[in-house]
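# Report on the structure
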Amino acid sequence: MKLRDLAGILPVEGTASADLEVTGISSDSRQVKPGVVFFALAGTKADGATYAADAAGRGAAAIVAGNAIAGLPVPVLAVEDPRLALALSAARYFGRQPETMVAVTGTSGKTSVAAFTRQIWEQTGYAAASIGTTGVVAPGRNDYGSLTTPDPVALHQLLKELADAGVTHASMEASSHGLDQRRLDGVQLAAGGFTNLGRDHMDYHPTVEDYHRAKMRLFDALLPKGAPAVIFADDPWSAPTIHAAQAAGLDVLTVGRHGDFLRLKRVEHERHRQRAEVEADGVLYEVDLPLAGDFQISNALVSAGLAISTGTPVAKALMALEKLKGAPGRLDLVGTTAQGAPVYVDYAHKPDALENVLASVRPFTTGRVIVVFGCGGDRDRGKRPIMGEIATRLADVVIVTDDNPRSEVPETIRAAILAAAPGAIEIGDRRQAIHDAVAMLHAGDTLIVAGKGHEEGQTIGSETLHFSDHEEVRAALVERAA
Ligand SMILES: CC(=O)N[C@H]1[C@@H](OP(=O)(O)OP(=O)(O)OC[C@H]2O[C@@H](n3ccc(=O)[nH]c3=O)[C@H](O)[C@@H]2O)O[C@H](CO)[C@@H](O)[C@@H]1O[C@H](C)C(=O)N[C@@H](C)C(=O)N[C@H](CCC(=O)O)C(=O)O
Ligand SMILES: Nc1ncnc2c1ncn2[C@@H]1O[C@H](COP(=O)(O)OP(=O)(O)OP(=O)(O)O)[C@@H](O)[C@H]1O
Ligand SMILES: N[C@H](CCC[C@H](N)C(=O)O)C(=O)O
Ligand SMILES: [Mg+2]
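Residues numbered from 1 in each chain as written. Chains lettered and ligands numbered in written order. Predicted model: local features only at pLDDT ≥ 70, side-chain atom pairs only at ≥ 80, totals over all residues. Heavy atoms only, no water.

### Notes on the pattern of salt bridges
For clarity, the threshold we go by: What makes a salt bridge here is a side-chain nitrogen of Lys or Arg within 4 Å of a carboxyl oxygen of Asp or Glu, nothing more. Strands here are runs of E lasting at least two residues and helices are runs of H or I lasting at least four, both read from the DSSP assignment and numbered beginning at the N terminus.
Across all of its chains, the model carries 31 salt bridges by this definition. A salt bridge links E21 to K2, with the nearest nitrogen and oxygen atoms 3.1 Å apart. Taken together, the positions of E21 in the segment before β1 (24-26) and K2 in the segment before β1 put the pair 19 residues apart, joining distant regions of the chain. Taken together, the shared-partner salt bridges in this structure form one network comprising E270, R273, R275 and D288.

### Section: the site of ligand 3
Keep this limit in mind: A molecule or strand has a residue near it when one of that residue's heavy atoms lies within 4 Å. The term polar contact refers here to a pair of N or O atoms within 3.5 Å; inside protein, the definition further demands a hydrogen-donor-capable atom paired with an acceptor-capable atom, and it admits residues adjacent in sequence only when both atoms are side-chain atoms. Each accessible area value is a Shrake-Rupley result obtained with a 1.4 Å probe; residue values ignore everything except the protein chains displayed when judging cover.
Every residue lining ligand 3 is accounted for by Y347, H349, G376, R379, D403, N404, R406, G451 and E455. Residue N404 places a side-chain N or O atom 2.8 Å away from an oxygen atom belonging to ligand 3. Between E455 and ligand 3, the recorded distance is 3.1 Å, taken from a side-chain N or O atom to a nitrogen atom. Contact with the protein chains covers 83% of the free accessible surface of ligand 3, which is 350 Å².

### A few points about the sheet that holds strand β11 (residues 228-232)
Backbone hydrogen bonds hold the strands of a sheet together, and the pairing may be parallel or antiparallel. Keep this limit in mind: Any two strands with at least two DSSP-identified bridges between them are counted as paired. Throughout, an axis means a line fitted to C-alpha atoms (over the contacting stretch in the case of helices), and angles, computed between N-to-C directions, take values from 0 to 180 degrees. Every residue pair with non-hydrogen atoms within 4.5 Å of one another is taken to be in contact.
Read from one edge of the open sheet, eleven strands run β8-β7-β6-β9-β5-β10-β11-β12-β13-β14-β15, paired in mixed fashion. Across the chains shown, the open sheet's two edge strands, defined by having one partner strand only, are β8 (141-143) and β15 (283-289). Put simply, the sheet's adjacent strands are angled 15° from each other on average, direction ignored. Note that strand β13 (residues 262-269) and strand β14 (residues 274-280) share six bridges and pair antiparallel. When the sheet's bridge partners are listed, E268 is paired in β14 with R275. Helix-sheet contacts for helix α4 (residues 152-164) involve β5 (100-105), β6 (128-132), β7 (135-138), β8 and β9 (169-173), and the interaxial angle to β6 is about 165°.

### Some remarks on the sheet that holds strand β17 (residues 342-346)
Overall, mixed pairing links the six strands, which are arranged β16-β17-β21-β18-β19-β20 in an open sheet. Each edge of the open sheet is held by one strand with a lone partner, namely β16 (332-336) and β20 (425-426). As paired strands, strand β18 (residues 369-373) and strand β21 (residues 446-450) are joined by four bridges and run parallel to one another. Bridge pairing in β21 places V371 opposite I448. Along the sheet, helix α14 (residues 469-481) contacts β16, β17 and β21; its crossing angle with β16, the most-contacted strand, is approximately 15°.

### Topic: the confidence of the model for the protein
For clarity, the cut-off: pLDDT is defined as a per-residue confidence score from the predictor, taking values between 0 and 100.
Put simply, the protein has an average pLDDT of 96, and 99% of its residues get 70 or more. Interface scoring of the predicted complex returns ipTM 0.94; its pTM is 0.94.

### Observations regarding the side chain of T148
Within the secondary structure, T148 sits in the loop between β8 and α4. For T148, the side chain forms a polar contact with the side chain of T133, separated by 2.8 Å. Not counting residues up to four positions away in its chain, the partners in contact with T148 are K110, I131, G132, T133, E173 and S175.

### With respect to the coordination of the magnesium ion (ligand 4)
Formally: Each metal's donors are the N, O and S atoms within 2.8 Å of it, or within 3.2 Å when it is Na, K or Ca, and because water is not part of the set, sites may look incomplete. Burial classes: relative accessible area under 20% of the type maximum marks a residue as buried, over 50% as exposed, and values in between as partly exposed (1.4 Å probe, protein chains only).
At this site the magnesium ion (ligand 4) is bound by T111 (OG1), T133 (OG1) and E173 (OE), with donor distances of 2.1 to 2.2 Å. Along the chain, the residues donating to the magnesium ion (ligand 4) fall in the pattern T-x21-T-x39-E. Here T133, found in the loop between β6 and β7, pairs with E173, found in strand β9; they are 40 residues apart in sequence, far enough to count as distant. Like E173, T133 is buried.

### Description of the packing of helix α13 (residues 430-440) against α14
Defined as follows: Note on angle classes: values under 35 degrees are labelled roughly parallel, values over 145 roughly antiparallel, values of 65 to 115 roughly perpendicular, and the remainder oblique. Crossings are classed by handedness, with left-handed meaning an anticlockwise turn of the near helix from the far one by less than a right angle and right-handed meaning a clockwise turn. Following the grouping adopted for this structure description, the nonpolar residues are Ala, Val, Leu, Ile, Met, Phe, Trp, Tyr, Cys and Pro, the charged ones are Asp, Glu, Lys and Arg, and the polar ones are all others, Gly among them.
Contact geometry of α13 with α14 gives a least axis separation of 9 Å together with a crossing angle of 45°. Classified by the angle between their axes, α13 and α14 sit oblique to one another. Read as a crossing pair, α13 and α14 show a hand that is right-handed. Contacts between α13 and α14 pair R430, R431, I434, H435, V438, A439 and M440 from the former with D469, E472, V473, A475, A476, L477, E479 and R480 from the latter. By residue class, the composition of the contact of α13 with α14 is eight nonpolar, one polar and six charged.

### Describing the UniProt feature "domain: Mur ligase N-terminal catalytic" (unreviewed entry) in the protein
Selection criterion: UniProt positions are given in the numbering used here, feature names are shortened, and annotations may be inferred rather than shown by experiment.
UniProt feature "domain: Mur ligase N-terminal catalytic" (unreviewed entry): in the numbering of this structure it lies at residues 21-88. Taken end to end, residues 21-88 is 19% helix and 21% strand, and its two terminal C-alpha atoms sit 18 Å from one another.

### Quick look at the site of ligand 1
Taken together, 22 residues surround ligand 1, and among them T44, K45, R83, T148 and S175 come closest. The contact in question runs from an oxygen atom of ligand 1 to an N or O atom on the backbone of S27, over 2.9 Å. R30 places a polar side-chain atom, nitrogen or oxygen, 3.3 Å from an oxygen atom of ligand 1. If ligand 1 stood free it would expose 1,100 Å²; the protein chains cover 77% of that surface.

### What about the pairing of β9?
In terms of residue burial, β9 counts as a mostly covered element, since five of its five residues are buried. Along β9, one buried face is formed by H169, S171 and E173 and the opposite face, lined by A170 and M172, is buried too. Of the pairings in the sheet, the one linking β5 to β9 comprises five bridges and is parallel in character. Note on β9: the bridge partner recorded for M101 is A170.

### Details of the pairing of β15
Residues in a regular strand point their side chains to alternate faces of the sheet. In the sheet, β14 pairs with β15 via seven bridges, with the strands oriented antiparallel. Pairing of A280 across the sheet is with V283, part of β15. Hairpin connection between β14 and β15: a loop of two residues separates the two successive antiparallel strands, and D281 in this loop has a positive phi of roughly 55°.

### Describing helix α7 (residues 238-247)
Selection criterion: As used here, the arc is the angular range of directions from the helix axis to the C-beta atoms.
Within α7 the residues assigned to the buried category are S238, T241, I242, A244 and A245. End-on, the buried residues of α7 take up no more than an arc of 160°, which puts them together on one face. α7 presents A239, H243 and A247 as exposed residues on the side facing more than 90 degrees away from its buried surface.

### Some thoughts on the UniProt feature "modified residue: N6-carboxylysine" (unreviewed entry) in the protein
Taking the numbering used here, the UniProt-annotated feature "modified residue: N6-carboxylysine" (unreviewed entry) corresponds to K215. Of note, K215 is situated in helix α6 (residues 208-222). For K215, a relative accessible area of 1% translates into the label buried. Excluding its chain neighbours within four sequence positions, the residues that come into contact with K215 are T105, G106, T107, A174, S175, S176, L179 and L197.

Written as structure tokens, this is what we have:
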């Protein structure tokens, strides 16, 4: 590709540099090789402009920046929004994506909805992929993830690989960071989804309104006018979300008890499954959802809405819900004690999620609900006492432990949770906490190990040690049975 092929995104017309050969695109100077266009982004830790000379020294074809940078031996192209220019350039450079793509946003449920939508498509007979927190899942591919919404360059490289491999349908998570940082701006989306809004990322967004506005970029900046917006209707933030989608000229399709597109008429919860009656277009469907947690009904309805609104027949989509598998680490039953007490691993690491997961298991627990959890270091400090209070209110035994303390002092994080959790037990070592909790289980009890879900590491300082809640729960169950 020549630099001129990025015309319309970058101001290259009529410049001598338009004929330069472009061999790649990067926002990290350390990755620059000869011919790469380097995008200097103003970040949270560094300003990419300071690395422009480094990029030029490594052979960058051109530098794209928000302001002119003097004294460089390569052309500097000034654009208003370098992150947007990066995303659009990456899309054009890689040039292919699965034909039908949807994105889902919301505080909780994104990973589940992305995974469920992929499964509905698979059952409809499409080659489908999902992209998000737990990684990339596609035919013959299951890569462990890191970011919920990948960086634009990684994202478009991935989308091209998927399209080249024959994937026609892909669902992805749109995190508020990703939306705010324009990571998805180059993706052609056919539909968007919204699950709910609660407290999250208050270390990044100044207010919850700002957080909601970032999420609404999916509807008002990314989706084309007239595209379907599938919105969960039973959340306190549903009304402002519907309003934003309508204002953006989208085709609003609501799902849930208050939904018009898919209306949940009745639901009977059982411990490991739930039976729902869903009305669509005046027809009643009985759906037997093989998943625990009443919130999974909401996620399943948003997923069905996304699949239906992009072409899957209603009956097929609703039937597919009967075969759904939960995303790894989302109210994931890892095992039971000999007396039948279940142990679940769950990714609840924010207040609403913890509240939901604890409330979900209560009706099936004749004994005690026991929860093991902690809060991540270098993340929103305000959620710590809130989660302490929720755990104390909804569980009978609360064990506060460590969850990726990162650069913080673990005791300080625990103390902030414990301040709002009178009577809680403090066991810093997560392995010990899990083993003690499993040892405590009686018949009728339920144990939830929350916060890490699918994660495979514990980050202490700058080091990540291998750690898996699944492995520790299994080991503790074996030890107990011995
Ligand atoms: C806080 C945050 O969101 N950071 C993201 C942001 O980085 P940044 O722009 O702030 O980076 P920075 O370190 O300040 O550096 C600025 C620029 O200088 C460049 N640089 C830096 C050093 C150097 O030698 N040369 C160089 O060119 C960097 O590549 C960068 O372009 O933009 C980068 C490019 O898109 C992201 O990779 C990075 O995600 C970091 C790794 C991260 O941890 N993000 C998390 C918080 C996140 O995004 N989470 C969400 C939500 C999670 C969820 O709830 O599920 C997600 O979508 O995963
Ligand atoms: N619809 C929902 N409503 C409330 N809580 C939910 C819902 N769906 C999932 N949860 C809770 O949130 C946790 C994370 O779910 P999931 O991974 O699907 O959401 P996410 O939005 O992708 O989260 P993250 O932003 O952390 O990746 C689950 O383990 C469960 O505790
Ligand atoms: N994507 C989220 C995941 C948090 C998971 C929890 N285990 C923690 O480390 O706080 C984050 O990085 O903030
Ligand atoms: Mg996720």
